[in-house]
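In case you want the letters, here they are:
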Amino acid sequence: MFKELDPILHSQLRLAVMSLLIAVKEAEFTYIREKTNATAGNLSVQVQKLKEVGYIDVAKQFKDNYPQTTCRITPKGIEAFEAYVQALQAYLGTSGKG
Amino acid sequence: METNEKEFSPQESLQLIHSMISKTKNSVADDSFYFLFWGWLVFGCCIAQYILKVYLLYPNHYIVWWLMPVGGIISGIYGSRQSKKQQVKSFVEEAVAYVWLSLAISFIVLIIISMTANTWQTAFTYYILLYGIGTFVTGSLIRFRPLVIGGIINFILAAVCVRFSYDNQLLIAAIALVTSYIIPGHLLRMKYKKQKN
């Protein structure tokens, strides 16, 4: 009856990361960590998962001798995020009536 | 299974999306440096050229404009340092950056046109028009009204300017810089300082 919610996105931290990235062009790992209040280790794992499924691009580089990780959402990620929000709305809309 | 994640409802999902997106809203960087730097620099050049030309009758009065490429270099160094510090880049910032890049190129093109066709009489009219476009678009994108108002004032000053002599156009350009760069620039700086505290 319901569209299944994308299990990759239906997870608090991964959804938080995707919601941040959908609103900006790109963001550094430290910025995402600050906004999500996640630990570096946990965030690292979730970012890696999002990267594996192709929802985000992760670029690693050195800036003034410090390693820096920059994330940005991919077109596939935007599509998945939109589908997820639509599924949520459908779910909430229907369950509200029932 | 992920041990550090708890199940959460669709309602919580939507709330989370909403709260994360709203956290990025205030992420536009403080651009007031550019308005203040260029505002005061060009304002100073206009006044200096006016004094050199009108009061001191110095024939090479336009020499002051050699400060523009120097300003370009300082501005470029500041920009590249800032972009290194910046942790997040928004689409609005990118749009603003491209607007000013295209305007910077337009200023150079206008100088070439003025030199080639000797159209210095109308040069300031078009410079003021370009200041107006830059501040109006930036103000609209970052939703900062003083810049929008400054832009509108410059559109009017551009139309008025062409009726005056070159000497007086220098003073009108100085007024244009006060209304579109210097005053909004200081207000923008105050706004960011408040936001930080």
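Residues numbered from 1 in each chain as written. Chains lettered and ligands numbered in written order. Predicted model: local features only at pLDDT ≥ 70, side-chain atom pairs only at ≥ 80, totals over all residues. Heavy atoms only, no water.

With that settled, the discussion passes to the overall build of chain A. Scanning chain A from N- to C-terminus turns up 4 helices and 3 strands. Taken along its principal axes, the extent of the C-alpha atoms in chain A is 55 × 25 × 20 Å. By the burial criterion, 47% of the 98 residues in chain A qualify as buried. Expressed as a percentage of contacts within chain A between residues at least 6 apart in sequence, the contacts between residues at least 24 apart total 54%. Here chain A has roughly 5,300 Å² of accessible surface; of this, 51% comes from carbon and sulfur atoms. Each charge class in chain A can be summarised by its mean position, and for the 12 positive and 10 negative side chains these summaries are 2 Å apart. (Helix = DSSP H or I, 4+ residues; strand = E, 2+ residues; numbered from the N terminus. Buried < 20%, exposed > 50% of the residue type's maximum accessible area, 1.4 Å probe, protein only. Contact = heavy atoms within 4.5 Å. Areas by Shrake-Rupley, 256 points an atom, 1.4 Å probe, with all protein chains shown as cover. Lys, Arg positive; Asp, Glu negative; His and termini not counted. Charge placed at Lys NZ, Arg CZ, Asp CG, Glu CD.)

Attention shifts here to the interface of chain A and chain B. In this complex, chain A contributes 32 residues to the contact, which on the side of chain B involves 27 residues. A buried area of about 2,700 Å², summed over both sides, lies between chain A and chain B, and 60% of it is on carbon and sulfur atoms. At the junction of chain A and chain B, the tally comes to 2 salt bridges. A salt bridge links Glu26(A) to Lys89(B); the shortest N-O distance between them is 3.5 Å. Listed by contribution, the elements that provide at least two residues to the side of chain A that touches chain B are helix 1 (12–23), strand 1 (26–28), helix 2 (29–36), helix 3 (40–52) and helix 4 (75–97) of chain A. Its residues assigned to classes, the side of chain A that touches chain B shows 14 nonpolar, 9 polar and 9 charged. In this structure, strand 1 of chain A lies alongside strand 1 (residues 88–89) of chain B, joined through 2 bridges in antiparallel fashion. Along strand 1 of chain B, the bridge assignment pairs Glu26(A) with Lys89(B). (Buried area = accessible area lost by both parts, 1.4 Å probe. Salt bridge = Lys/Arg side-chain N within 4 Å of Asp/Glu carboxyl O. Nonpolar A, V, L, I, M, F, W, Y, C, P; charged D, E, K, R; others polar. Pairing = 2+ DSSP bridges.)

Residues and elements named next belong to chain B. Residues Tyr126, Leu129, Ile133, Ile152, Phe155, Ile156, Val160 and Phe164 make up a contiguous nonpolar surface patch of roughly 640 Å² in combined accessible area. Mapped by element, the contributors of at least two residues to the nonpolar patch are helix 5 (120–141) and helix 6 (145–161). Considering every element that reaches the nonpolar patch, the biggest residue donor is helix 6, with 4 residues. In this structure Phe155 comes out as partly exposed when scored by relative accessible area, which is 30%. (Patch = residues over 30% accessible without salt bridge, like charges linked within 9 Å, V, L, I, M, F, W, Y side chains within 5 Å.)

Residue and element names in this part refer to chain B. For the pair helix 4 (residues 91–117) and helix 5, the least separation of the axes is 10 Å and the interaxial angle reads 175°. On the basis of the axis angle, helix 4 is roughly antiparallel to helix 5. Residue-level contacts link Val92, Ala95, Val96, Val99, Trp100, Leu103, Ser106, Phe107, Leu110, Ile111, Ser114 and Met115 of helix 4 to Trp120, Ala123, Tyr126, Tyr127, Leu130, Tyr131, Ile133, Gly134, Thr135, Val137, Thr138 and Leu141 of helix 5. (Axes fitted to C-alpha atoms, helices over the stretch in contact; angles between N-to-C directions. Parallel < 35°, antiparallel > 145°, perpendicular 65-115°, else oblique.)

Inspection of the entire model under this criterion finds 4 salt bridges over all chains. The partner of Asp167(B) in a salt bridge is Lys53(B), with the nearest N and O atoms 2.6 Å apart. Here Lys53(B) lies in helix 2 (residues 32–55) and Asp167(B) lies in helix 7 (residues 166–196), a separation of 114 residues in the sequence. A cluster of three or more residues bridged by salt bridges with shared partners is formed by Glu26(A), Arg72(A) and Lys89(B).

Turning to helix 2 of chain B, a few remarks are in order. Since one α-helical turn is 3.6 residues long, residues separated by three or four positions face the same way. The terminal C-alpha atoms of helix 2 of chain B, which comprises 24 residues, lie 33 Å apart, in line with the 34 Å expected from a rise of 1.5 Å per residue. The positive-phi residue at the C-terminal boundary of helix 2 of chain B is Leu57(B), with phi of around 50°. (Expected span 1.5 Å × (residues − 1).)

Let us now look at the environment of Pro184(B). All names here are of chain B. Checked against the element boundaries, Pro184 lands in helix 7. By relative accessible area, which is 1% here, Pro184 ends up buried. Spatially, the C-alpha atoms of Pro184 and Ile172 are 17 Å apart, while their sequence positions differ by 12 residues. Once you skip the residues sitting within four places of it in the chain, Pro184 turns out to touch Phe144, Pro146, Leu147, Val178 and Thr179.

Attention now moves to unusual backbone geometry. In this structure, Asn37(A) takes a positive phi of about 55° despite not being glycine. Of note in this structure, Asn118(B) is not a glycine but carries a positive phi near 50°. Mapped onto the secondary structure, Asn118(B) falls in the loop between helix 4 and helix 5. The exposed category is assigned to Asn118(B), whose relative accessible area is 60%.

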